[in-house]
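# Coordinate inspection notes
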Amino acid sequence: MADAALEWTRAAAPDGTSFIRAGSGAPVLFIHGVGMNAAIWQPQIERMAGRFDLIAIDMLGHGQSPLPPETPELADYAKQAIHLLDHLGLKSVTVVGHSMGALVGQELALLAPERVDRVASLNPVFRRPPELAKAVRERAAALTGHGDTAGAARTIARWFGDPVPAELTVAAEKTAAALGEVDPEGYARTYRLFARADGDHAERLPTLAVPALFITGSEDRNSSPAMSAAMARLAPQGRCTVLSGQRHMMAVAAPDLTTRHIVDFLTDGEVAAQSNGADAGAGFDSGEFRRALGSFLTGVTIVTTIGPESEPRGFTANSFTSVSLDPPLVLVCIAHKALGHPVFATAKSFAINILNESQKAASGIFASKAADKFATVDWRPGRTGSPVLDGSVACFDCDMERLVDAGDHSILIGRVRDFQHNAAQPLGYCRGAYVTPGLSQEALAAAQPGTDVGAILENGGRILFLEATDGSFELPRGRGLGSASDGKSLKGLFAAKAIEAQLGFLYAVWDDAGDASRTHVYYRGTFDVPAPSDRGIRLIDIDAIGDLKIADPAIRSMLARYVRECTEDAFGIYVGNEVEGEVRPLARSDAASLNQGDQG
């Protein structure tokens, strides 16, 4: 009995194979890794027994099952599983295997595809790089079949860390107990196979006929993400998932997370059938997904064509990218729900106009449902007849090469017939707002020497400050942007303090109220976390900034705005002086649908 709420049955097949069975529903066969036994799957059994018929096998040489042949092959372990399915009267199952068990699960699916519905490979190995292969084979050669306490301790260190983190102590102890119970000879024979079988499926994975999940931890060096990705690439229905921060025994160390991914994979087909192609992930936050996509800084385009009544049509989009140089192909996306979708989906040609920084108003109009969008812009027909807007930074006049449906959008792939471009500053778009990169750092470097240039540098929710001897705090700043050799400049300060900073967008500009010749300019930026030192560098959580002793009231006011805008994820630029001015927001309402190509 696993606990008071869950009962499982341990039994044996006629050939001596030992197994655990619990739950009811669609059958799932669990196959453990080298040195473990069926009970290692207890966390998954506890979490899945209410929905599935769970069978956990003791592989040959492990638990209470008989030894494998002296020189076994993967097929020996796969045939053991097939015999168990025959004994239980199961026509087919989903297979979940860990490490060596993942290799066995793949072998089972390749050897008897009619017996496997799906296969999930947890922390699988594949084509080890030379240094790892050498280390594994040396460990295999050192096995005597008489047990190795020191070797077990080294295994735990590889799987959990050395020392084992406090939060993983219980999982590590459970794993160590399983290692201590394994038959030494069964372990040795199986491990020697494990050491040499990592490439056995390289030529056969392209024939894998079932959906396959290859899932590992980002910190699993011996069953690396690259290995899972390579297998997923080869398997026709393969996909790879990497769990951040996890190591080799993630099924035990992070059972909730790992089991959720297993269940998601097991129920993928069922959910897709029930939803008839609708969103299968109830926990997927589409709003958060859109915000994440919005972190990519793009340009802004207006896509144009001529409609069936010879009328010009157009919509605003930032979902534009190049596809190919030879032949010259570009693409842009339009939402199925867009008013102009039927026109663009049937067009023979279209033009993509990349906007300059003065065309923000046109972008807003073409993103709206305005009746006559072209009344506000000057344009001419391009080579294909599609409208080319005057003043655009660049324009690509295209024939329709291909229309591809993708989710709730259509992808228009165009073969470029003609193009033009100039040196104007482009209009940018990021996180739901327009940005204008025209005020370059190069221009600032040439500004008058009295300009005070500083930066709000963020990394992981912390801001970099410099602490003075009196306990006050200030942002990094200098006289002008300067260079690393100019000790009084901002870049000179970065060099002196060994701060690896990357300046981003302009954040605030104000004139000094006491000195009319002095201007303050502050940028947003990021930094690489510095090594501990006595250089006065302090990393302060954004939420704690309000408690700091900051002498300059203008800096205090700017930081208070920064904290507020971080919370709202909506930034503006302050222009004025240290006493009064205004925050000019980056327009959001007119640009709200840029990511979608929603109008038209």
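Take the confidence of the model for the chain next. Predicted confidence across the chain gives a mean pLDDT of 85, with 84% of residues reaching 70 or more. Under a pLDDT of 50 for its full length, residues 271-282 has, in the predicted model, 3 contacts with residues more than four places off or in other chains. Predicted confidence for residues 586-593 stays below pLDDT 50, and this span has 25 contacts to residues more than four positions away or in other chains.

Here we come to the sheet that holds strand β2 (residues 18-23). Spatial ordering of the open sheet is given by β1-β2-β4-β3-β5-β6-β7-β8, a layout of 8 strands whose pairing is mixed. Because the sheet does not close on itself, it has two edges, and the strands there are β1 (9-12) and β8 (238-243). In this sheet, neighbouring strand axes are inclined to one another by 20° on average, regardless of whether the strands run parallel or antiparallel. Pairing of β2 with strand β4 (residues 52-57), which is carried by 5 bridges, proceeds in the antiparallel orientation. Within β4, the position partnered with I20 by the bridge is A56. Sheet contacts for helix α2 (residues 74-88): β1, β2, β3 (26-31), β4 and β5 (93-98); angle to β4, the most-contacted strand, approximately 135°.

As for its position among the elements, L329 is in strand β13 (residues 329-335). A residue is classified by how much of its surface remains accessible, and L329, at 13% relative accessible area, is buried. Separated by 71 residues in sequence, L329 and M400 place their C-alpha atoms 9.7 Å apart.

This part covers unusual backbone geometry. Residue P163 follows D162 across a cis peptide bond; omega there is 5°. Residue D326 is joined to P327 through a cis peptide bond whose omega torsion reads 5°. Note that P327 resides in the loop between β12 (320-324) and β13.

Examined against the element boundaries, A78 turns out to sit in helix α2. Looking at A78, the relative accessible area reads 0%, which means it is buried. Along the primary structure A78 and L103 are separated by 25 residues, whereas in three dimensions their C-alpha atoms are 9.2 Å apart. Excluding residues within four positions of it along the chain, A78 makes contact with V104, E107, L108 and L111.

Another point: the packing of aromatic side chains. One pass over the structure, following the stated rule, counts 11 aromatic pairs. On the numbers, 4.9 Å between centres and 90° between planes, the contact of F315 with F344 is edge-to-face. Of this pair, F315 sits in strand β11 (residues 312-317) while F344 sits in helix α13 (residues 341-345); the two residues are 29 residues apart in sequence, bridging distant segments of the chain. In this structure F315 comes out as buried when scored by relative accessible area, which is 0%. Pairing F366 with F374 gives two aromatic rings, centres 5.1 Å apart and planes at 85°, and the pair type is edge-to-face. For the residue pair F366 and F374, the accessibility class agrees, reading buried in each case. Ring-pair connections join several aromatic residues into one group, and the members of that group are Y187, Y191 and F194. Its end group placed over the ring of F194, R128 keeps NZ or CZ at 4.7 Å from the ring centre.

Criteria and thresholds
Residue numbers here run from 1 along each chain, matching the order of that chain's written sequence. pLDDT decides what is reported in this predicted model: residues at 70 or higher carry local features, side-chain atom pairs at 80 or more are listed and counted, and totals for whole chains, interfaces and linings draw on all residues regardless. Computation of side-chain values covers all heavy atoms of the structure but excludes hydrogens and water. On a range of 0 to 100, pLDDT expresses the predictor's confidence in each residue. It only takes one pair of heavy atoms within 4.5 Å for two residues to be counted as in contact. Here, a strand pair is defined by DSSP locating no fewer than two bridges between the strands. Helix and strand assignments come from DSSP, with helices taken as H or I runs of at least 4 residues and strands as E runs of at least 2, each series counted from the N terminus. Every angle, taken between N-to-C directions, lies between 0 and 180 degrees, and every axis is a line fitted to C-alpha atoms, over only the stretch in contact when it is a helix. Under the scheme applied here, a residue whose accessible area is under 20% of the maximum for its type counts as buried, over 50% as exposed, and between as partly exposed, the area being computed with a 1.4 Å probe on protein chains only. Any two rings among Phe, Tyr and Trp, with Trp reduced to its six-membered ring, count as a pair given centres within 6.5 Å; such a pair is stacked if its planes are under 30 degrees apart, edge-to-face if over 60, and tilted if neither. Charges are assigned to positions over rings by a cutoff of 6 Å between ring centre and Lys NZ or Arg CZ, combined with an angular limit of 35 degrees from the ring normal.

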